[in-house]
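What follows is the residue order along each chain.
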Amino acid sequence: MTTTHVTWPQANARRLARQGLSDPENSENPEDPAADRPARIAGAMLGAHAQVLSAAELSIALRLPSGATRADVRRALWTDRTLTKTYGPRGTVHLLPTADLPMWTGALSAIPAGPNPWPDGVRMTPGQTDEVVAAVRDALAGEPLTVDELTDAIVDRTGPWAGDRVMEAFQDKWPRWRQAAHTAAHRGALAFGPNRGRKVTYTGPGVTPMDGQAAMEALVQHYLHAYGPATPAHFARWLAAPKRWAGDVFDGLAAEGRIEQVTLEDERAWVVTGDTAFPDTAPPLGVRLLPYFDAYVIACQPRERLFPGAAFGRALGGGQAGNYPVMLVNGTVAGVWHQRRSGNRIVVTVEPIGTALRTARTRTALDAQAERVAEVLEGRAELTVDRVTVGPHA
């Protein structure tokens, strides 16, 4: 049996195309209603990291055709509800397609739990966690609640222990129940609602999780479609799951003939069975400015190829992807950047790595991308090529 050999440029070109990064103008199905496009793109990315919501808005909108702005993403999230803000992979806040929540909640609930990090006197028992999740589900069956309102509702349903302020958090103490917030989200009982002034609210997403095994198998296949070829270790790293457990999931899918092996450069990796067509050429010349924790930067492996040479030291924060917004040139990291709003001006500072902007054609492509970033943010671009002096997460 002949094994398909895939080069890094081929894998990269396919990943870029499947996320709408290589050609956003032609990434849309013309039959898609415009209102559904942000959710479809978020599904293709496997979620947009939304710890900073503006970064998620930019991630999604940059993959939409020109003219789309952050307002289109906000409409999908808060008006059309085709997107949901909730705890996703790695326990971090993401925008996920509402239609995919049964798969996501089923899969995330199926990941083996690690050691409970909370000390004695703070941690909840499994039984208490179940009580809290049931209370959250019941309390959020109506209108969205602020954290204080939800705390009162949980205490009413469980007892005062759930509201004890024992969790150290940001120079404050949170009520005990909040250690189960991620679990409640992963079981389909909690998601984020629209802010009430400056206060965060929570709402009930009204979702029934899929069977855990079936959901996880579906998630693996979605991941391989978007970011394959990939290994179980790549998948485990992206999901913050145990490597051995991820290997068992891949083995089960392989035994059923649902995934198959290829080689990515010199490494054995996996794709969905039959999904072995790759471009013959490298990605077309293109420049993309991606925000903090963009899904492409987080999920693409091997990381040393995505961040070649000096980019590995400059654009990774202690080896962790996503701490810096990055500039891609031809699908690999070739710089970092920062944006600052001043009235209607979006001041974009780009620091190239090495000779990334050595040609006039590349500089012209960067100019266009800066304009597109400003368009998404509903402002006017001012581009500077200079050293980025702010640190990560600035």
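This structure is a prediction, so every number in the text was calculated from the model and none was measured.

A. View of the environment of Ile 60. Along the polypeptide, Ile 60 turns up in helix 3 (residues 53–61). Placed 41 residues apart in sequence, Ile 60 and Gln 19 show a C-alpha to C-alpha distance of 9.5 Å. For Ile 60, the contacting residues outside a window of four places in its chain are Pro 38, Ile 41, Ala 42, Met 45, Ala 48, Val 73, Leu 83 and Leu 95.

B. Local environment of unusual backbone geometry. Gly 228 connects to Pro 229 through a cis peptide bond whose omega is 0°. Mapped onto the fold, Pro 229 is located in the loop between helix 9 (212–227) and helix 10 (232–239). With an omega of 0°, the peptide bond between Gln 301 and Pro 302 qualifies as cis. Structurally, Pro 302 can be placed in the loop between helix 12 (295–299) and helix 13 (303–306). The backbone phi angle of Asn 330 is positive, close to 55°, even though this residue is not glycine. Of note, Asn 330 is situated in the loop between strand 13 (326–329) and strand 14 (332–342). What makes Asn 330 partly exposed here is its relative accessible area of 31%.

C. Spotlight on helix 7 (residues 147–158). The end-to-end C-alpha distance of helix 7, which contains twelve residues, comes to 16 Å, matching closely the 16 Å that a straight helix rising 1.5 Å per residue would cover. Listing the buried residues of helix 7 in full gives Leu 150, Thr 151, Ala 153, Ile 154 and Thr 158. The buried residues of helix 7 occupy one face: seen down the axis, they fall within an arc of 165°. Turning to helix 7, the residues buried within the fold contact helix 6 (126–139), strand 5 (145–146), strand 7 (172–175) and strand 9 (199–203).

So, how was this worked out
- Residues numbered from 1 in each chain as written.
- Predicted model: local features only at pLDDT ≥ 70, side-chain atom pairs only at ≥ 80, totals over all residues.
- Heavy atoms only, no water.
- Helix = DSSP H or I, 4+ residues; strand = E, 2+ residues; numbered from the N terminus.
- Contact = heavy atoms within 4.5 Å.
- Buried < 20%, exposed > 50% of the residue type's maximum accessible area, 1.4 Å probe, protein only.
- Expected span 1.5 Å × (residues − 1).
- Arc of directions from axis to C-beta.

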